[in-house]
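Below are the chains, spelled out letter by letter.
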Amino acid sequence: MESIVNRIIEIDQQAEDKLAAAETQQRQILADAKATAAKQRDRIFADADKQIAQAEEAKKAELDRNISGLTAQRDEAIHALDHTFLQQREQLAEDIFRTILGG
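These remarks concern the structure in this document. This structure is a prediction, so every number in the text was calculated from the model and none was measured. (Residues numbered from 1 in each chain as written. Predicted model: local features only at pLDDT ≥ 70, side-chain atom pairs only at ≥ 80, totals over all residues. Heavy atoms only, no water.)

Attention now moves to the pattern of salt bridges. It is possible for side chains of opposite charge to pair when their charged atoms get near one another. Enumeration over the complete set of coordinates arrives at eight salt bridges. As a salt-bridge pair, Arg7 and Glu10 come within 2.8 Å of each other at their nearest N and O atoms. Of this pair, Arg7 and Glu10 both sit in helix H1 (residues 2-102), separated by three residues, roughly a single helical turn. You can call Arg7 partly exposed: its relative accessible area is 42%. Here Glu10 falls in the partly exposed class, since its relative accessible area comes to 38%. The shortest N-O distance in the salt bridge between Glu94 and Arg98 comes to 3.0 Å. One end of the pair is Glu94 and the other is Arg98, both in helix H1 and four residues apart, which spans about a single turn. Linked through salt bridges whose partners overlap, the residues forming this network are Glu94, Asp95 and Arg98. (Salt bridge = Lys/Arg side-chain N within 4 Å of Asp/Glu carboxyl O. Helix = DSSP H or I, 4+ residues; strand = E, 2+ residues; numbered from the N terminus. Buried < 20%, exposed > 50% of the residue type's maximum accessible area, 1.4 Å probe, protein only.)

Structural measurements only, silent on function.
The structure is reproduced here in structure tokens:
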């Protein structure tokens, strides 16, 4: 009878050891899952930051191209206006000269 009681105690101890091991394994799995989730979150945020930076860079490059194009158009318009002004100034000077001499 004593051996049966000892065997029951031994089985109970083994069950408690297995339960403790399972609880330890459960805590480890949970800790690993939390660490994996944190790493994935950090990776996702890093990827998002990188994509945002790339989008900002692309938009800045597009804006710079647009500004360059507009600046070129403005410069061409100013050049055309300068040319027109010089032609009209010369014509006006000739008209005034003729009026003074002819009149």
